[in-house]
Each structure stands twice: as C-alpha cells, then as structure tokens.
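Report on the structure
What follows is each chain in one-letter form.
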Amino acid sequence: MLAVLDPRTMKGLRAFLPAEASVRNPVDIIASADAPAFEKSLRLLCADKNVDAVIVIFVPPLVTGAPEVAKAILAGTAGSKKTILSCFMGSHGVPESLRSLQEGHIPSYSFPEAAAHTLARAVAYGAWRNAPPGKVPNITDVHPERGREAIARSLRGGGGEPRWMDAGTLNDLFAAYGIRTSAARPASNRGEAASVAKHFGFPVALKVRSPDVVHKTDVGGVRLNLRSEAETAQAFDEIREALRRAKPDARFDGVTVEPMVQGGVETIVGMTRDPSFGPVVLFGLGGVAVELLRDVSLRVAPLTDRDAEEMVSAIRGYPLLNGYRGAAPSNVASVIDLLHRVSRLASDHPEIMELDLNPVIVFQGDAPCIALDARLRIAPAGGAGDRVPGPDRG
C-alpha cells in the first residue's frame, strides 16, 4: 500500500522541486532533476513517519550521471533505518560505477517491478517471522505401534529395497492413524468384481491393482459410474486388457471395487522425505490435473496448527473450499485434521519415503474428507530409500 505523505513532507518537496514535479506518492522529481534533488528528496522521505520503505528509480538523462545519483542516494539516506532499494534503468545489477551503493547495502535492480517484488517478499517474510509460531497438536487417537507392525510386515522379505506398500497393509496403516479412505474391496476376477459391486450398491468404480502401476488413469486402469453387474464384469475385462496394452510386463492382481462418491472438491495431500529437511507435507488441488495445475503448498513436518491452516488457505483454489459463488463452505477443518495425521505418520516412521493421497474429496457441510486413492513408498530406516526411484509412472 502506498504511503500517504505527511503534508510537511510535501511542502518541503515543493520548496525546491519544479512546478511540474509531483510531490504526492509516488513522488516524481522529473527527468531534469540533478543529484542534489535526489538527496534532498530522500532526506525528507526518510524523515516522514508514514514512510516505511523507499524505491528510488533513476532513468539516465543527458545531464545527470548515475555515479552522482548513487552518491546522492547514499547521502540522502545516511542514518536512516528505513529500507531503501534502487532501480537504475538499463543497468543489470549494480554496475561498476555504482559500487558505492553495494557498499552502502542498497540493492539496485534493472526494472522497478523487480524491486517491488523483492520488497513485497521481504515484508511477507517479516510478517511470517513476527507471527506466533503455533503449536503441534497432540493427536491422541493414533496407534504408532500398529503402524510399525504394518510397515515391518510390508518390508519383510524385501531385501532392504524400497517398495510400494500393498493395498491391504496400507489400509491397516491408515486405520492406525485415523486416515479415512473409501470402502474399497479387492476382486481378483470378473465374477467377484460383479458380486462386490452388488454388495455395495450401484454406481461403483473399478481401479486396477498392480504393484507396477502408480498412476492408474495413465494405463486406462479406472472405470467409473458402473451401474450393473454386467457393466462391472465388462469393466474388469477392459481394465485387464488396457493394462496389457499399456504395460505388457506389468503384473495384474485384479481390481478394487468401491462405491462412487458424489460431489465435493478434489484435493491432494502428500508427503516426501527430503534428505536435508526430513518429511515435507504437501496440500493442493488434486485429481488427474494436479501436475498440470501445480496449485500446492508445502511445509516441513511436524506441522503446527498455524502451518496446516496456512497450507490450506495459501493455494489459489482455496475459494473453491470456502464457498465459491454462493456454494456452501467445505469441511476445511477435516482437511486440516488430515494434514496433522499425515504429519504425525511421517514423523513417527522414518521408513516412509513418499505418500500420495489423491484425490482427497472435501465435502460441503459436516461430512469429513475422504481419500479415494493412495500410494505409499517405504524403505528400511537409514537406508538409501530416498535416493532410489519408484516404479515407472507410465
């Protein structure tokens, strides 16, 4: 926000600037200004209690040299504790003739936009530093020991190599941490798939089960809105054939059958283990377009209450969750709860290298969010799991 200059500042500027100059913010001392005009103007602006920072813009005219203006900037801001940035148009960085600015700790930019963006980032960082740090919530209904058992079971017989956790063990791990997933059941043949679908009630969705596939849609491994046993059986055959065509060497373990979920906003919650920072948690708009939209936010675990709230509100698509165009607000509190549970899961178990919950459907009203699909990569703790790539993503 532009500062409103004190009337005394404007009067002082008017006393020596030409009539054509503007003494309101932004101050324009016009192109004919000499170095003393820069110095006097800056002394007045730095003394104004309404001014927090100044960006000095110099467009080289024929009469005034850049080195003289650089010295005037240093003289005019001497003793001031306010933030000063400069822009010498046509100069890339600080040219040799302006080294005095660098010695005076006043940065110089080629364009005003770069200086404004830098100042905005510095202000945002200062606000972040001054905000309360937040607290890591104490989640009482988690069972780390059950989580350790599930991870140990999945690592058993793996020869110390990273691997993707199978669906059954993954469900056990999520149950130990209160992470809600869809009511999916496996089916190994077309008849079983039709029977499970009838048990759930239509419509249902079918998704391929294969340890060699991560992104199911990339191999044609998803069928939605199936409304009969016959459609379900046919979809089973189609998924098996699609996998054979897309990845002939991939193993086919059947499908998972789950009820269709109607409505809600598709989001993603994820985690990766950085070699320097440890577990990093991700939130953003999800679904098949997540890599295209790249509308995500990141924080290092363990998450504080402030971290989780900022992660949700920071994405560009947040209005979709907050009642866009008159729609009822979504249950953002359940998303924040999920982020804390993923943070706790990653913090408790160093074996977890990567986790994707996508999509996580966030519903309007009081219904809690639910993860419709998930993948989790593990490796023995202290090993090279974070340096070994996962399976081919198609």
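One can find the structure itself at the top, above this paragraph.
In this report, we go over the structure that sits alongside the text.

Scoring rules and cut-offs
- One numbering rule holds for all chains: residues counted from 1, following each sequence as written.
- Reporting of local features is limited, given that this is a predicted model, to residues whose pLDDT is at least 70; pairs of side-chain atoms are given and counted only at 80 or more, and all residues count toward the totals for whole chains, interfaces and linings.
- Side-chain calculation: all heavy atoms of the structure are included, whereas hydrogens and water are not.
- Here a helix means four or more residues in a row that DSSP labels H or I, a strand means two or more in a row labelled E, and each is numbered from the N terminus.
- In this description the radius of gyration comes from C-alpha coordinates, and the expected globular size is given by 2.2 Å times residues to the power 0.38.
- For the exposure calls, accessible area comes from a 1.4 Å probe over protein chains only, and a residue counts as buried if that area is under 20% of its type's maximum, exposed if over 50%, partly exposed in between.
- Exposure was quantified through the Shrake-Rupley algorithm and a 1.4 Å probe, taking into account, for residues, occlusion by the shown protein chains and nothing else.
- For the purpose of charge, His is not counted, nor are the chain termini; Lys and Arg are scored as positive and Asp and Glu as negative.
- To locate a charge, take NZ of a lysine, CZ of an arginine, CG of an aspartate or CD of a glutamate.
- Within 6.5 Å between ring centres, the rings of Phe, Tyr and Trp (the latter by its six-membered ring) count as paired, and their orientation is classed by plane angle as stacked under 30 degrees, edge-to-face over 60, tilted in between.
- Among the buried residues, those of types Ala, Val, Leu, Ile, Met, Phe, Trp, Tyr and Cys that are joined through side-chain atoms within 4.5 Å form a nonpolar core.
- The contact criterion used is simple: two residues touch if any of their non-hydrogen atoms lie within 4.5 Å.
- Axis definition: a line fit to C-alpha positions, over the contact stretch in the case of helices; interaxial angles, taken between N-to-C directions, run 0 to 180 degrees.
- Each angle receives one of four descriptions, namely roughly parallel if under 35 degrees, roughly antiparallel if over 145, roughly perpendicular if within 65 to 115, and oblique otherwise.
- It is the rotation of the near helix from the far one that decides the hand of a crossing: anticlockwise by less than a right angle makes it left-handed, clockwise makes it right-handed.
- In this classification, the charged set is Asp, Glu, Lys and Arg, the nonpolar set is Ala, Val, Leu, Ile, Met, Phe, Trp, Tyr, Cys and Pro, and all remaining amino acids, among them Gly, are polar.
- We treat two strands as partners when DSSP finds at least two bridges between them.

**Concerning the overall build of the chain**
Check the secondary structure of the chain and you find 13 helices and 14 strands. At 30 Å, the chain has a C-alpha radius of gyration far larger than the 21 Å of a compact globule built from 394 residues. Its C-alpha atoms give the chain principal-axis dimensions of roughly 90 × 50 × 45 Å. For the chain, the proportion of its 394 residues judged to be buried stands at 42%. Counting only carbon and sulfur atoms, one obtains 54% of the accessible surface of the chain, whose full area is about 20,900 Å². The averaged location of the 45 negative side-chain charges in the chain is 2 Å from the averaged location of its 45 positive side-chain charges.

**Some words on the packing of aromatic side chains**
Tallied over the full model, the rule gives four aromatic pairs. Ring centres of Phe38 and Phe58 lie 5.8 Å apart, and the angle between their planes is 70°; on these two criteria the pair is classed as edge-to-face. Taken together, the residues span a long stretch of sequence, with Phe38 in helix H2 (residues 35-47) and Phe58 in strand S1 (residues 53-58) at a distance of 20 residues. A single burial state applies to Phe38 and to Phe58, both of which are buried.

**Considerations on the nonpolar core**
Judged by nonpolar contacts, the single largest core of 42 residues is most densely connected at Leu173, Phe283, Leu339, Val342 and Leu357. For this core, the secondary-structure elements that each account for two or more residues are helix H6 (144-155), helix H7 (167-176), strand S9 (265-274), strand S10 (278-285), helix H11 (305-314), helix H13 (332-348), strand S12 (352-362) and strand S14 (374-378). Looking at this core element by element, the count peaks at eight residues for H13. Each residue touching Val342, except ones within four places of it in the same chain, is listed here: Ile179, Val269, Gly270, Met271, Val281, Leu355 and Leu357. If you look at the next biggest cluster of nonpolar residues, it comprises 26 residues, including Met10, Ile29, Cys46 and Ile84.

**Describing the packing of H6 against H7**
Orientation of H6 relative to H7, taken along the N-to-C sense of each, is 165°, at an axis distance of 8 Å. When the axis of H6 is compared with that of H7, the two are roughly antiparallel. In this structure, the crossing between H6 and H7 has a hand that is left-handed. Of the residues in H7, those touching H6 at Arg146, Gly147, Ala150, Ile151, Arg153 and Ser154 are Thr169, Asp172, Leu173, Ala175 and Ala176. For the contact of H6 with H7, the per-class residue count stands at five nonpolar, three polar and three charged.

**Structural notes on the sheet that holds strand S3 (residues 108-109)**
Strand order across the open sheet formed by three strands is S1-S2-S3, with parallel pairing between neighbours. The sheet is open, and its two borders are formed by S1 and S3, each paired with just one other strand. Where S1 and strand S2 (residues 83-88) come together, six bridges link them in parallel fashion. Note that in S2 the partner of Ile57 across the bridge is Cys87. The sheet strands contacting H2 are S1 and S2, and the helix crosses S1 at an angle near 165°.

**Quick word on the sheet that holds strand S6 (residues 204-208)**
What the four strands build is an open sheet, ordered S5-S8-S6-S7; its pairing is antiparallel. With one partner strand each, in any of the chains shown, strand S5 (185-187) and strand S7 (222-226) form the two edges of the open sheet. In this sheet, adjacent strand axes meet at a mean angle of 25° when their direction is disregarded. In the sheet, S6 pairs with S7 via three bridges, with the strands oriented antiparallel. Of the residues in S7, the one forming a bridge with Leu206 is Arg223.

**Overview of the environment of Ala114**
When you line up the elements, Ala114 lands in helix H5 (residues 112-130). For the pair Ala114 and Cys87, spaced 27 residues apart in sequence, the C-alpha to C-alpha distance is 8.7 Å.

**Considerations on the pairing of strand S8 (residues 255-259)**
Where burial is concerned, most of S8 is hidden: four out of the five residues are buried. Pairing geometry for S5 and S8, over three bridges, is antiparallel. Each bridged residue has a counterpart across the sheet, and for Pro186 the counterpart in S8 is Thr256. Judged from the five bridges that link them, S6 and S8 form a sheet pairing that is antiparallel. Within S8, the residue paired with Val208 across the bridge is Val255.

So, to be careful, I would describe these as geometric facts and stop short of saying anything about function.
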